[in-house]
Amino acid sequence: MSPATGEPFGQASLLDAAQASDAVAAAQAAFPAWSRTSFRERSRLLDRLRQAMVDEADDVARLIEREQGKPFAEAHVSDVLPSLDALQHLSAHAEDLLRDEAIEARQLLLAHKEARLVYEPIGVVLAIKPWNYPWGQSVPVAGSALAAGNTVVLKPAPATTLCGLRIGALARKAGFPDGVVSVVATDDAVAASLVEDPRVGKIVFTGSVETGKRIMAAAARN
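Residues numbered from 1 in each chain as written. Predicted model: local features only at pLDDT ≥ 70, side-chain atom pairs only at ≥ 80, totals over all residues. Heavy atoms only, no water.

Here's the deal with helix α1 (residues 17–35)
Piece 1. Across its 19 residues, α1 extends 27 Å between first and last C-alpha, which sits within 8% of the 27 Å expected from 1.5 Å per residue.
Piece 2. Along α1, the helix axis deviates most sharply at A29, where the bend reaches about 30°; the proline P32 sits within four residues downstream.
Piece 3. Among the residues making up α1, those that are buried are A20, A23, V24, A27, A30, F31 and W34.
Piece 4. Of the residues that open α1, the one with a side-chain oxygen 3.2 Å from the backbone nitrogen of A18 is D16. (Helix = DSSP H or I, 4+ residues; strand = E, 2+ residues; numbered from the N terminus. Expected span 1.5 Å × (residues − 1). Bend = angle between axes of the 7 residues up to and from the residue. Buried < 20%, exposed > 50% of the residue type's maximum accessible area, 1.4 Å probe, protein only. Polar contact = N/O pair within 3.5 Å; in protein donor to acceptor, adjacent residues only side chain to side chain.)

Some remarks on the packing of aromatic side chains
Each aromatic ring pair is specified by the distance between its two centres and by the angle formed by the two planes.
Piece 1. This model, assessed by the stated rule, comprises one aromatic pair.
Piece 2. Ring plane angle 55° and centroid distance 5.7 Å describe the contact between W34 and F176, whose orientation is recorded as tilted. One end of the pair, W34, is in helix α1; the other, F176, is in the loop between α6 (161–174) and β5 (181–183), and 142 residues separate them in sequence.
Piece 3. Note on W34: relative accessible area 3%, which makes it buried. (Phe/Tyr/Trp six-rings, centres within 6.5 Å; stacked < 30°, edge-to-face > 60°.)

Remarks on the pattern of salt bridges
Piece 1. Enumeration according to the criterion identifies eleven salt bridges in this entry.
Piece 2. Its salt-bridge partner being K70, residue D79 comes within 2.8 Å of it at the nearest N-O pair.
Piece 3. Overall, D79 belongs to the buried group, its relative accessible area being 0%.
Piece 4. Note that R116 and D100 form a salt bridge whose closest N and O atoms lie 2.7 Å from each other. Pair noted here: R116 is in strand β2 (residues 115–117) and D100 is in the loop between α4 (72–97) and β1 (101–103), with a separation of 16 residues, a long-range link.
Piece 5. Taken together, the salt bridges that share partners define one network made up of E56, R166 and K173. (Salt bridge = Lys/Arg side-chain N within 4 Å of Asp/Glu carboxyl O.)

And the structure:
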C-alpha cells in the first residue's frame, strides 16, 4: 500500500517454501554455465540491464515513490541514478577488478615462492535487501555478484515487494539466462528457510543487528 495515503494500489502473491526452494535450485542449476561466461558477455548483459533501467527510469522512480514513499526526485537521486552508475562501473571495470593479483611473500621461508590471489565465483548469492533503498541497495549488490560469475536470488523487503519484482522483470528483459537472476517474494518464515539452505554460497544482508545475528547463526550451520 502507499505510505502516503495508506491505500492499497497493487497486489503480489507470496511464494511458499517449496517455490522459494525451487528458485534456489534454479540458481544452482544455472551457476555452472554462468560462471564460465566471459567478462565480455557479463558486461554486455549488465549494459543491457542498465539501458533497460534508463528506458524505464521515470516509471521506476514513480514505483519507488508510490511503494516506498520517497519523493519522485529523491527516488531518482538515491535509488535509480546510483544503480545506473554501479552497473556502468561494473560493466567497464569488473574484469580488471577481478584480475589475478600477485602477492609478495612476507615470510623469509616463502621468499623463493610465487603466489597470487585468484578470484573465483562462489555460487548462489542470496541478497536480502531493505525497504528504505529498494533499488539503490539491490541493484549494485546483484550486479556485483553477477559480474563476478555468481547467480543471484534477491529477496526484497515485504514493504517493497513490487520494486524487487520490477528488478527481476528488467533482468529478464535484458536477456539474463533462466535462473541467473531470481526474485523471491516471501514472508519471514520462508526467508528463514532460504538463509538455512546449504545451496546458498553467500548471503548479503542489510537490516537490523538483531536480524543479522540470527542470519549469521543460521547460516553458520551450513
